[in-house]
Amino acid sequence: MATQIKATAPRSDAEWTARLELAACYRIFDMMGWSESIYNHITLRVPGEDAFLINPYGLLWSEVTASNLVKIDHEGNKLCDSPYPVNKAGFTQHGLFHAHCDWAHAIVHTHTPDTMAVCSSADGLTPTNFYACFFEGGVAYHDFEGITVRAEEGVRLLENLGDKRVLLLRNHGPVVLGETLYEMFFNYYMLQRACEIQVKTCALGNPIRVPPEVIAIHQRDRDEVALKDFGRADFEAWVRKLDTIDTGWRD
Ligand SMILES: [Zn+2]
C-alpha cells in the first residue's frame, strides 16, 4: 500500500529552526554513544503546530539531517513529503506524552546500557552520587509490560509519570521530557551521568546514600546557580563540538 501523504505545507522558519536543533541533538547523542542503531527516538514539537519531528526509520542517528527529519501528527501519521517511513510503533509512547502533556515539547527515550541497568535494578536511581541527588524526588517509575507499543498501556504510563519529567521504564529504559530541547538535553545528560556512576559504584560495592537534608541543600543551591535558559549554553557548546567533526546534519 502506498504511503499516505496528508499535507505538504511549506516549512516555516520556526520549523526549520526546530529541524536544525533536533538534527544536532541526534548527532550529539550519537557522538556521546547514546544512540541505538536505527531505533529509539528524540521527538520535538514544531512550534505553534500540532506536529512533531522524528528520525526517519531505517537511518542511523549519525545519518539524521535537518531536512530528512519526518514531520508527523501525534499518531505518527506523516505530514510531509518524505521518502522515509516512520516507526509508528516506536512513536507510541512519545505521541501519548506529547498529546497529553502540552508542556512536553521535547522527549527522548534511549536504550543505553547504564540507564537500562539502573531501570533494571529494584532500587532504581539512588541518591548515591552528585548527579543522582539532583533527581531525588523527581523520578517516576513504570513497571515493565513488554514492548511499549500498545495504546491501552497509555493510561498507566500517564498515571505513573504524574507531574515528573523523568520516567524510568523498569527493565527497559529512561524517558526524559522537557519544555525545551535544551532542558531535555541537559536533564538527559545528567541522568546518563548519574546512571553511569551508579553502575560503577555498585560494582565497587557499599554505595553511600546521601541523607535527605544534604540532598535538599544540593537541590536548593543548584536552583540558585542554574542559568535562566536552562541547558541552552550546554547544548550550544556541544553543537560547536559537533561542527568541528561534521556539519552534514545542517543539510
Ligand atoms: Zn525502548
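Computed from a predicted model, the values in this text were never measured in an experiment.

With that settled, consider the coordination of the zinc ion. Around the zinc ion, the protein contributes the donor atoms His109 (NE2), His111 (NE2) and His172 (NE2), which lie 2.0 to 2.1 Å from the metal centre. All donors to the zinc ion come from one chain, and their sequence spacing reads H-x1-H-x60-H. On the criterion of sequence distance, the pair formed by His111 in the loop between β4 (106–109) and α3 (113–119) and His172 in the loop between β6 (166–169) and β7 (173–178) is long-range, its members being 61 residues apart. Look at His111 and you get partly exposed, because its relative accessible area is 22%. Classification of His172 as buried rests on a relative accessible area of 10%.

A separate point is the sheet that holds β7. Sheet architecture is open: 7 strands sit in the order β3-β2-β1-β4-β7-β6-β5, paired in mixed fashion. Bordering the open sheet on either side are β3 (70–72) and β5 (139–142), each of which pairs with just one other strand. Strand after strand, the sheet turns through a mean of 20° between neighbouring axes, direction not considered. Relative to β7, β6 runs antiparallel, the two sharing 4 bridges. By the bridge assignment, Val166 is partnered in β7 with Val176. Along the sheet, helix α1 (residues 13–32) contacts β1 (41–45), β2 (52–54), β3 and β4; its crossing angle with β1, the most-contacted strand, is approximately 160°. Where helix α5 (residues 154–161) meets the sheet, its contacts fall on β5, β6 and β7, and the angle it forms with β5 comes to roughly 155°.

For side chains bearing opposite charge, pairing can occur when the charged atoms are close. Per the counting criterion, the structure on display carries 18 salt bridges. Linking Glu196 and Arg193 is a salt bridge whose minimum nitrogen-to-oxygen distance equals 3.2 Å. Of this pair, Glu196 and Arg193 both sit in helix α6 (residues 181–204), separated by 3 residues, roughly a single helical turn. Salt bridges linked by common partners bring Glu145, Arg150, Glu152, Glu153 and Arg156 together as one network.

The next subject is the UniProt feature "domain: Class II aldolase/adducin N-terminal" (unreviewed entry) in the protein chain. When the UniProt feature table is mapped onto this chain, "domain: Class II aldolase/adducin N-terminal" (unreviewed entry) is found at residues 20–199. The span residues 20–199 is 37% helix and 16% strand, and its two end C-alpha atoms sit 34 Å from each other.

What follows concerns unusual backbone geometry. Backbone geometry at Asn171 places phi at a positive 65°, although glycine is not the residue there. Checked against the element boundaries, Asn171 lands in the loop between β6 and β7.

Turning our eyes to something else, we now look at the packing of aromatic side chains. Taken as a whole and assessed by the stated rule, the structure comprises 15 aromatic pairs. One aromatic cluster is present, formed by Tyr26, Phe29, Trp34, Trp61, Tyr182, Phe185, Phe186, Tyr188, Tyr189, Phe230 and Phe235 through successive ring pairs. Between the NZ or CZ atom of Arg165 and the centre of the ring of Trp103, over which it lies, the distance is 4.4 Å.

Rules used throughout
- Residues numbered from 1 in each chain as written.
- Predicted model: local features only at pLDDT ≥ 70, side-chain atom pairs only at ≥ 80, totals over all residues.
- Heavy atoms only, no water.
- Donors = N, O, S within 2.8 Å, 3.2 Å for Na, K, Ca; no water.
- Helix = DSSP H or I, 4+ residues; strand = E, 2+ residues; numbered from the N terminus.
- Buried < 20%, exposed > 50% of the residue type's maximum accessible area, 1.4 Å probe, protein only.
- Pairing = 2+ DSSP bridges.
- Axes fitted to C-alpha atoms, helices over the stretch in contact; angles between N-to-C directions.
- Contact = heavy atoms within 4.5 Å.
- Salt bridge = Lys/Arg side-chain N within 4 Å of Asp/Glu carboxyl O.
- UniProt positions renumbered as here; feature names shortened; annotations may be inferred.
- Phe/Tyr/Trp six-rings, centres within 6.5 Å; stacked < 30°, edge-to-face > 60°.
- Lys NZ or Arg CZ within 6 Å of the ring centre and 35° of its normal.

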